Amino acid sequence: MTKAKVRKSRAHEELGAPNTLWRDAGRRLLRHRLAMFGFCVLVVVFLMGIFGPAITPYDPNGMDFANRFAAPSLAHWMGTDDFGRDIFSRIILGARVSLQVGLVAVSVATILGTGLGLLAGYGRRVTDEVIMRAMDVLYSIPALLLAIAIVAALGKGINNAMIAIGLVYIPIFARIARAAVLGIRNEEFIIAARALGAGDLRILTWHVLPNVLSPIIVEITLSLAFAILAEAALSFFGLGTQPPDPSWGRMLAEGRDFFRQSGWMAFFPGLAILFTVMGFNFLGDGLRDALDPRLRR
Amino acid sequence: MNYQYIVQRLLSALVVVLGVTVVVFMIVQIVPGDPARVVLGPYANDEAVAGLRERLGLNRPIIEQYLSWLEALTRGDFGQSLLSSQEVAPQLWGRIGPSFELALASLLVGLAIAFPVGILSALKPGSGIDIAATIFSQIGVSIPSFWMGIMLVIIFSLNFSLLPPSGYTPITEDPADWFAHIILPAFTAGVVSASIMTRFIRSAMLDVLSANYVQTARAKGLGERAVVLRHALRNAMITIVTIIGLQINALFSGVVIVEVVFSWPGLGRLALNAVLERDYPLLQGTVLVVAVMFTMVNLLVDLLYFVLDPRIEYA
C-alpha cells in the first residue's frame, strides 16, 4: 500500500467514513444471531400479511359444518374451529390485522410522542414541565386499562383499538426523545447551528432529530411487539377486531370456550402471537446492541 | 432524610392524581355523539335519554360537571352504576382486596424467579444457565399472558386435576382454598414480570460485580456467597428497585388480563364488565382507583431509595 493510501485509510479510521455509524450498525446487526432469527420470523409474518388472501389454502371465513372441530391433519394443518373454518387460513389472514394495528398504533405513538419529547427537551422549562407532567399522568394509568378506557369511550372496533394503543405509548416515546435531546442540546454543533442563524424548527429537524434516532428506532421495534400483544388482548376481550374478521386475539377468545374439546383452537393463535412478538423483541434487542454496542448486556 | 424532597414528591404525586381525574372525567366527554344515547342504545325514547343526561349531569357546562364530580370524589362518592343503580364506591372497595392480593402474589412469584436466575446468570455470563435465562426472559416477555393462562388451565386443571381452573375464595374463609385458587393466576402474571426483571437484575449485577469494591472483598478472602449477597446485591438494589417500580405498571396491566381469564373478582374484571355494559361511572371509578394505587406505589418506591442508599440527596 502506498503512503498516500495508508494515510487516507488511517484518516478514514480516525474521522469515520460517511454513514459509518449506520453501516457499522448494519454489520453488527447481521452478525447478531437472535436478531437475524427475529428478522426471518418477521419476514414470514409480513409475507403472510401482504399476500394473506392470495395464499390461504381455504376461505378464512368459509364455514364447513361437516368439518367442525376437526383435529390438525394433512387437510387442515391446524385443525378447524366451531364453524368448521380452517384455522391455518385464519391465522394467515390474522397476521394482516396484527401488523396493521401494530404499525398504525406505533406510528401514532412515534410521531406524537417524539414530537412532544423534542419540544419538552428543547423548549423552555415551562413547556417541558407542562408536557412531561401530562406524560406522567398518562403513564400513571396502567397501559392496558387506559387502552380499554379509550376504546370504551370511542367504541369497539379495530380503528379505535389502533388509536387507543397509539395514545397509550405516547409517553414512552416522549420520555425517550426528551432524554436524548437533553443529552445533546448543549453540544457544540447545536450551538454552532444557532450561531449561524438556524431557527428552532430547523435545529430540531435537521440537527437534533437525526441524533436521537437510534433510541427511537429501537423503541419502535420493541413497541411493535407490545402493540401486537395489546391488540390481541383487546380483541380477546371483544373490544378490538369484530367478527367474522380473524384476529389472533379474537381466535384465542373463541378457542377458550372450547378448550376442553379442541385445544388447538386456542393453541395455534397463541403460538402465532408468541412468535411474532418474539421476532420484534429479538430484532429490537439486536438493533439496540448494534446501534449502541456499550449497552450489549 | 431529605424532608424537602419528600414534600416535593408528595406534591408532584398530588398533581399527577389531579391530572388523572381530568383524564378519567374525559372518558365520558370524548364519547362520540350523545353519551346518554350511546348508553341506552339507538331504540331508547327521547324521554329516557333526557332523563339519563340529567342523571349524569351532562346538561351542565363541562367545567361545572368536572368540579361537582371532583367535589363528590373528595367525599368518597363515585356516583351510581348505570346498570345496577347501586353506589359505585362499595363495589370498588370490595374489589381492591382481591386485586391487591393477586398483584402482590404475582410480584412475589416474579421476584422469586427473577432474583436467583438473574444473579446466577450474572455470576456465570455465557454459561448454560445464562443462555437458558436469556431464552426464558425472551419467551416470557413475548408470551401473551391470556394464552399462557389458558394453557396452564388445560395442563394443571383439566389434564392433571391439580388446581382449580378459575374462581376465588376469600383468604379469611378458607386460606388453603384461597392459595389453591391464586397459584395459577399469580404464576401467569408473575412469569411475565420475572422475565423482564431477570434481564435487569442480571445487568445490574454485572455492573457491580466488576466494581473495585467487589474485587477488594474477594481479595480480602471473603466467600463468594458473602461477596454476592453483602456487597454486590446490596449495591445493585437501587437499580433493581427502580425496575421493580417501573414493572408495577406492566404488572397491573397483566393483572387485568389474568383476572378475566381466571374469573378473579378484582378491579380489572370489574373495569372490563363496565366497558362491555357501557357503565361509565363504574369504569371511571375503577380506572381512578387503579391509577391512584399505582401512583402511591411509585411514590413509595421513590421514598424507598432513602432507606436503600442513605447517601442519596435530592436537590
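Residues numbered from 1 in each chain as written. Chains lettered and ligands numbered in written order. Predicted model: local features only at pLDDT ≥ 70, side-chain atom pairs only at ≥ 80, totals over all residues.

**Student:** Can you tell me about the overall build of chain B, naming the residues and giving the values?
**Tutor:** From N to C terminus, chain B includes 12 helices and 0 strands. Along the chain direction, N to C, the helices and strands of chain B fall in the order α-α-α-α-α-α-α-α-α-α-α-α. Projected onto its principal axes, the C-alpha coordinates of chain B cover approximately 85 × 60 × 35 Å. Out of the 315 residues belonging to chain B, those deemed buried represent 38%. Across chain B, contacts joining residues at least 24 apart in sequence account for 69% of those joining residues at least 6 apart. (Helix = DSSP H or I, 4+ residues; strand = E, 2+ residues; numbered from the N terminus. Buried ≥ 20, exposed ≤ 12 C-beta atoms within 10 Å, placed from the backbone. Contact = placed C-beta atoms within 7 Å.)

**Student:** Kindly report on the nonpolar core, identifying the contributing residues and their values.
**Tutor:** Counting residues in each nonpolar core, the largest one holds 169 residues, and the members touching the most others are Ala-147, Ile-148 and Ile-165 of chain A together with Ala-271 of chain B. Per-element accounting of this core gives the leading share, 17 residues, to helix α4 (residues 87–122) of chain A. Excluding anything up to four places from it in sequence, Ile-148 of chain A contacts Leu-239 of chain A together with Ala-271, Leu-272 and Val-275 of chain B. (Core = buried A, V, L, I, M, F, W, Y, C linked by C-beta atoms within 7 Å.)

**Student:** Account for the packing of helix α7 (residues 158–184) of chain A against helix α9 (residues 200–236) of chain A, with residues named and values stated.
**Tutor:** Residues and elements named next belong to chain A. One can describe the packing of α7 onto α9 by two numbers: an axis separation of 9 Å at closest approach and a directional angle of 155°. When the interaxial angle is binned, α7 and α9 end up roughly antiparallel. Note that α7 runs across α9; the crossing there is right-handed. Residues Ala-161, Ile-165, Tyr-169, Ile-172, Phe-173, Ile-176, Ala-177, Ala-180, Val-181 and Ile-184 of α7 form the contact with α9, whose participating residues are Val-208, Asn-211, Val-212, Pro-215, Ile-216, Glu-219, Ser-223, Ala-227, Ala-230, Glu-231 and Leu-234. Residue composition of the contact of α7 with α9, grouped by class: 17 nonpolar, 2 polar and 2 charged. (Axes fitted to C-alpha atoms, helices over the stretch in contact; angles between N-to-C directions. Parallel < 35°, antiparallel > 145°, perpendicular 65-115°, else oblique. Left-handed = near helix turned anticlockwise from the far one by under 90°. Nonpolar A, V, L, I, M, F, W, Y, C, P; charged D, E, K, R; others polar.)

**Student:** Talk me through the interface of chain B and chain A; I want residue IDs and the actual numbers.
**Tutor:** With 38 residues of chain B in contact, the opposing surface of chain A contributes 38 residues. Within the residue set of the side of chain B that touches chain A, elements represented by two or more residues are α1 (3–29), α6 (128–142), α7 (145–159), α8 (175–209), α10 (224–261), α11 (267–276) and α12 (280–308) of chain B. Split by residue class, the side of chain B that touches chain A holds 31 nonpolar, 7 polar and no charged.

**Student:** Can you explain the environment of Gly-33 of chain B? Please cite residues and give values.
**Tutor:** Considering the arrangement of structural elements, one finds Gly-33 of chain B in the loop between α1 and α2 (35–40). Between the alpha carbons of Gly-33 of chain B and Thr-74 of chain B there is a distance of 29 Å; along the sequence they are 41 residues apart.

**Student:** Outline the confidence of the model for chain B, listing residues and values.
**Tutor:** In the predicted model, chain B carries a mean pLDDT of 86, and 97% of its residues have values of at least 70. Among the scores for the predicted complex, ipTM is 0.83 and pTM is 0.85. (pLDDT = per-residue confidence, 0-100.)

**Student:** Could you give an account of α9 of chain A, with specific residues and numbers?
**Tutor:** In a regular helix each residue adds 1.5 Å, so 37 residues correspond to 54 Å; α9 of chain A covers only 45 Å between its end C-alpha atoms and thus falls short of that length. Following α9 of chain A by one or two positions, Gly-238 of chain A adopts a phi angle in the positive range, close to 85°. (Expected span 1.5 Å × (residues − 1).)

**Student:** Tell me about the environment of Val-7 of chain B, residues and numbers included.
**Tutor:** Relative to the helices and strands, Val-7 of chain B is located in helix α1. Separated by 296 residues in the primary sequence, Val-7 of chain B and Leu-303 of chain B have C-alpha atoms spaced 11 Å apart.

**Student:** Give a detailed account of unusual backbone geometry, specifying residues and quantitative values.
**Tutor:** Residues and elements named next belong to chain A. With an omega dihedral of 5°, the bond running from Pro-243 to Pro-244 counts as a cis peptide bond. The phi dihedral of Phe-69 falls on the positive side, at around 55°, and the residue is not glycine. Here Phe-69 is to be found in the loop between α3 (33–55) and α4. Given 15 C-beta atoms within 10 Å, Phe-69 falls into the partly exposed group.

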